Each structure stands twice: as structure tokens, then as C-alpha cells.
Amino acid sequence: MAILALAMLWWPEYGDQSLFVLGAQELRDGAVYYRDFWDIKQPGLYWFYQLGDLIVPGGAGARLLEIVLVIATGLAVHTMVSAWTQRRWLRFAAPTIVLGPYLNWSFLGGVGQIEGLMNLLIIAAIALTWPRPAPSSRGDVRPTTAQDPAQQPPPMRSVLAWFLAGSVVGAVVLFKTLYAPIVLIPIGAALLMSGRPGLRVQIGRAAVLFLGAAAPVALALAYFADHGVLGLALRTTFQLPREVAASPNLHPSSAIETVTQALKNLVPVTGPLAAIALLSAFGRRTVVRDGALAATIVLELALTYPQLWTPYRFLMLAAPMGLLAVIGLESVANWLAGRAERGWWVPALGAAGTAVAVALTLATLRLPAHLLLHAGDYDGGLNSAARMGRSDIDSNFRAAALVADQVRPGQQIYVVGDPGVMTLLHARQGLQLTGWSLEQMPARVWREATRQLQTSRPALVYVDDTTQDWTQISQQQGRPFFDYLRTQYRIISTTADGTWYQTTDTGVPLPQAGSTQL
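As the structure is a prediction and not an experimental result, all values here were calculated from the model.

A. A look at the sheet that holds strand S3 (residues 460–464). Reading across the sheet, the five strands line up as S2-S1-S3-S5-S4 and stay open at both edges, with mixed pairing between neighbours. What marks the edges here is a single partner per strand, and that holds for strand S2 (428–429) and strand S4 (490–494). In this structure, strand S1 (residues 412–416) lies alongside S3, joined through three bridges in parallel fashion. Following the sheet pairing, Val 415 is matched in S3 by Tyr 462.

Following this line, the structure appears as C-alpha cells:
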């Protein structure tokens with residue numbers, strides 16, 4: 001697992017990661033999120049990247065921070081599973097089974113995304129709140145009872161543990177509010193699995209949980225209120241996503257292929273084992289525990305539907321699916337052990353199953369292994385240019401090369417499309433609104449982008465044709481923006497990758513007085 005985690009340093013950089021790096025740099029230099037740098041995402045990821053910049057600037061720090069959290073979470077999984085099984089080999093395999101698919105499949109734009117980090121947050125919530133039942137002599141988990149001291153929460157299940165679990169919920173709200181119910185499912189299951197401590201105790205736990213969740217959210221709201229953007233923050237979080245969900249660009253024709261590709265690489269081994277765990281849950285009398293993990297998976301899929309379908313959206317399936325897979329593997333091992341003396345077919349069946357699992361796992365490792373084997377082909381290996389080179393998006397390099405002699409480091413330009421072009425040019429964003437995923441935005445966001453373009457008028461604007469066909473959008477919600485661009489700027493380069501526009505009548509550079517108006 002640690003090897004897979006370290007490999008994340010070499011995974012490619014795509015548009016989202018480039019945007020997070022650019023945004024973190026702006027926040028580090030004093031910008032206020034939503035006011036001076038606006039994106040539809042909640043601020044948590046940008047603050048995460050900003051924290052990573054304190055370690056190593058330029059995005060590598062955020063990756064190192066994620067690696068540290070992954071390793072810590074792996075230790076938590078090992079400790080948690082030690083209470084579920086007496087099989088030593090399964091305890092040590094559990095972190096890789098649970099986190100390995102997320103680490104492996106994150107090479108396709110999943111590094112530093114909330115969907116990947118959700119695995120860590122889900123496991124944190126479970127580790128903080130779930131009671132640790134003692135395994136029976138057969139390795140099965142004995143059901144929780146109020147009278148059995150071995151089943152009662154150890155001292156760590158204290159007020160602090162429930163407060164920290166609430167803080168996990170609050171962190172999810174700041175990272176992506178839509179996903180908050182996901183971590184509430186295992187926490188709710190913890191209340192059901194903790195025996196019968198009495199209504200007063202349960203209410204106390206819920207109260208402490210609420211306080212823990214409210215603390216980080218209250219701090220963030222106070223920060224935005226102090227800078228006069230609380231209303232904008234709330235509209236961006238709760239109102240605008242409903243408008244974006246109606247966009248026809250969310251589910252392109254390649255969406256089914258994306259879903260199939262993601263699931264094929266995430267669950268070829270853990271999926272069948274998870275199904276075995278659910279089928280045998282009644283026999284183990286662990287319906288609440290296993291059902292909570294299954295419900296988490298179902299809710300994750302439901303919350304993925306109204307969003308743009310990209311491979312990394314499904315990364316958060318890894319933790320609940322992996323935990324169920326560990327339970328299923330325990331059941332399979334118990335079944336084989338109980339029939340070991342019935343004939344040669346038992347070990348043969350076990351060997352065949354192992355061979356199939358190894359083959360499927362190796363198949364999912366093919367593309368990431370190719371990237372690692374060729375990591376030395378890219379200059380520096382760990383910088384943004386090298387990471388983008390491994391993404392095979394050569395159009396960004398070609399677009400940047402066209403104006404490289406005209407852009408000085410730190411100059412403000414604007415890109416409608418992949419922000420990686422700005423990263424390669426060491427440029428800064430010339431409007432408060434990000435130009436990434438503008439095609440999904442309603443007309444009022446385009447009107448605000450037009451207003452900001454009229455005010456700032458950065459010297460160079462690039463329209464990236466590789467991310468979107470702008471023909472229809474330029475005649476509908478984006479018409480004011482493109483009309484202004486065509487009349488007030490001149491074209492200096494047009495290729496199959498996109499178009500560069502230039503003006504000598506530049507406006508007021510950022511930062512500016514006032515705020516994004518949405």
C-alpha cells in the first residue's frame with residue numbers, strides 16, 4: 001500500500017489539479033476565495049492545496065500530504081480489521097485491499113480530489129465511532145451486546161472521539177457539501193451497534209457530534225462573513241449546483257464508457273468479495289455493520305449521477321467496497337478451511353480463485369505501471385510540466401509554446417478551458433472566475449465572466465477547443481462573452497487545439513475592489 005501511495009507523486013496532472021495549484025497560489029498571496037478567486041467547488045480542496053504549499057509549493061506538497069494521510073489511514077484499517085479477524089495475513093493485507101484500488105486508479109485525474117480523500121474520511125469516521133467486537137474462535141465477529149464488556153467501546157470512544165468524528169463531517173461539508181450524508185451513514189450505524197447505552201448517552205453523542213461538525217463550518221462561515229462574501233459562498237454552494245445539474249454537458253456520449261472503465265478497474269476483485277460478505281451477513285449477525293457499508297456504496301453511486309461522469313468520481317467506492325471485501329475474504333477463507341480435508345478440489349479451488357484475483361489485479365496495474373516505468377522520460381519527474389506530460393495532453397504544451405515568448409512569469413492571462421496552459425506559462429489567472437468547466441455554467445455565470453473580462457481585459461485570452469466545442473455555447477449562454485472577445489480582441493493564432501486572442505488595451509489587473517457578482 002505504501003508503494004502505491006508513493007507512486008502518487010508521479011501520477012499525471014490534469015486540469016483540476018492545475019486549477020487547484022493556481023488557486024492555492026492566489027490564496028497564499030492574499031486572495032479571498034469566492035471574492036478574488038471564484039470556483040463552483042467548496043473551499044476545502046483549495047485550502048488543502050494551500051496547506052500542501054507550506055510543505056512543497058507547486059502541487060507536490062498536496063500530494064505528499066495526501067500520501068501521509070493515506071499511510072495513517074492504512075494503519076487505522078489494520079487496527080480496525082484486527083478486531084474483525086484472527087487471520088494475521090488478512091490483517092496485513094487489509095490496508096492494500098481497502099485503499100489499493102483508490103491509489104491505483106487515482107492516476108487518471110484522481111490525485112488530490114475529494115472523491116479519493118473521501119475514502120480516508122469514511123475510514124476516519126468508522127475508526128472513531130465503531131465499537132470493536134472481539135472475533136470468535138472461527139474468526140467471525142460476535143454480535144454486539146450491552147452486557148458483554150468485550151464488545152463495549154474502549155476508552156478512546158470518548159467525547160473527544162465523537163467530537164473528532166463530527167469534525168470529519170464538517171470537513172466533508174467544506175470539501176463537498178453534497179457528500180456529507182455519506183459519512184453520516186457509518187456514524188449512524190455506530191449508534192446502532194453500540195449496544196443499549198441509554199437514550200441520554202446517545203443524545204449526548206449526537207450533541208457532541210453536532211458540535212464537532214459545526215466547529216469547522218462555523219469558522220469558515222465567519223471567515224467569509226468577515227470578508228463580505230458569505231452570501232456569495234452560500235449561493236455558490238446551494239443554488240448554483242442545481243442549475244449546473246441541468247446542463248446537457250454533464251453526461252456526454254462517452255459517459256457509459258467512462259463508468260465501465262472506472263468500475264472495471266476499481267472493483268474486479270473487491271466487488272465479488274463484497275457480494276459474498278453481504279450474502280453471509282445474516283450468518284455472522286453483522287447486518288448493521290455490513291448493511292451500513294452497502295448503503296454507503298449505494299448513496300455514493302446515487303450522488304455521482306447528477307455530476308459530470310469522470311473516472312475519479314467513483315474513487316470513493318474503494319473504502320466501503322474494500323472493507324466488505326475483507327469481510328468476504330474472511331468468509332471464503334473460513335469456508336475453505338472447514339472443507340480442507342474433503343478432497344483435492346478444495347485447495348485447487350482456492351488456488352484457482354487466487355490466480356484469478358492476481359490476474360485481475362495485474363490487469364488493473366498495467367497502465368499505472370507503464371507510467372511509473374517511463375517516469376524518467378520527463379524532465380524533473382515531479383514538477384507540474386512533467387506531471388502534465390504524463391497526462392498525454394500534448395495540446396497544452398503546443399498552446400503554451402505559441403505565446404511563450406510573449407508571457408512573462410506572473411503575468412495575468414485567461415484561459416477558457418484547461419488551466420494547465422497557465423501552469424506551463426507560469427502565468428496567473430486574469431479574471432476572478434475560473435475558465436475551467438465554463439461550458440457547464442448557466443447564463444448568469446457567463447454574464448459575470450463578460451463583465452470581468454470588460455474590466456480586467458488581460459492581454460491574452462485562450463479558448464481551448466480540445467475540451468469543448470464552443471459553437472453552440474457561443475450562440476447561447478456564452479454569447480455575450482464570445483461577442484466581446486471577437487470585437488475587442490484580435491486573433492493571433494488559430495489551430496486545431498484552440499485560439500489565442502490578444503489586446504493592447506489592457507484593463508485593471510487583479511486584485512480589484514469589489515467582488516464576484518453572482
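Following the structure, the description resumes.
B. Examining the environment of Tyr 305 more closely. Tracing the sequence through the fold places Tyr 305 in the loop between helix H14 (287–304) and helix H15 (318–338). Under the relative-accessibility criterion, Tyr 305 is labelled exposed at 51%. In sequence terms Tyr 305 and Ala 245 are 60 residues apart; their C-alpha atoms lie 9.6 Å from each other.

C. Quick peek at the pairing of S4. Where S4 and strand S5 (residues 498–502) come together, four bridges link them in antiparallel fashion. Pairing of Arg 490 across the sheet is with Gln 502, part of S5. Counting the residues between successive antiparallel strands, the hairpin from S4 to S5 contains three residues.

D. Fine view of the packing of helix H5 (residues 88–105) against helix H6 (residues 114–129). At their nearest, the axes of H5 and H6 sit 9 Å apart, and the two run at 160° to each other. Taken together, the axis directions place H5 and H6 in an arrangement best described as roughly antiparallel. In the packing of H5 onto H6, the handedness of the crossing is left-handed. Between H5 and H6, the contacting residues are Val 98, Leu 99 and Tyr 102 on the first element and Gly 116, Asn 119, Leu 120 and Ile 123 on the second. Grouping the constituent residues of the contact of H5 with H6 by class yields five nonpolar, two polar and no charged.

E. Quick look at the pattern of salt bridges. Taken as a whole, this structure holds 17 salt bridges when the rule is applied. The partner of Arg 428 in a salt bridge is Asp 29, and the shortest N-O contact between them spans 2.7 Å. With Arg 428 in strand S2 and Asp 29 in the loop between helix H2 (15–28) and helix H3 (44–55), this residue pair connects regions lying 399 residues apart in the sequence. Using a relative accessible area of 27% as the deciding quantity, one classes Arg 428 as partly exposed. For Asp 29, a relative accessible area of 47% puts it in the partly exposed group. For Glu 115, the salt bridge identified is with Lys 176, shortest N-O distance 3.5 Å.

F. Spatial organisation of the environment of Asp 39. On the secondary structure map, Asp 39 appears in the loop between H2 and H3. Judged by relative accessible area, which is 2%, Asp 39 ranks as buried. As for Asp 39 and Trp 436, which are separated by 397 residues in sequence, their C-alpha atoms are 8.7 Å apart. With residues near it in sequence (within four places) discarded, Asp 39 still touches Leu 19, Tyr 33, Tyr 34, Tyr 46, Thr 236 and Thr 434.

Cut-off values and rules
Residues numbered from 1 in each chain as written. Predicted model: local features only at pLDDT ≥ 70, side-chain atom pairs only at ≥ 80, totals over all residues. Heavy atoms only, no water. Pairing = 2+ DSSP bridges. Helix = DSSP H or I, 4+ residues; strand = E, 2+ residues; numbered from the N terminus. Buried < 20%, exposed > 50% of the residue type's maximum accessible area, 1.4 Å probe, protein only. Axes fitted to C-alpha atoms, helices over the stretch in contact; angles between N-to-C directions. Parallel < 35°, antiparallel > 145°, perpendicular 65-115°, else oblique. Left-handed = near helix turned anticlockwise from the far one by under 90°. Contact = heavy atoms within 4.5 Å. Nonpolar A, V, L, I, M, F, W, Y, C, P; charged D, E, K, R; others polar. Salt bridge = Lys/Arg side-chain N within 4 Å of Asp/Glu carboxyl O.

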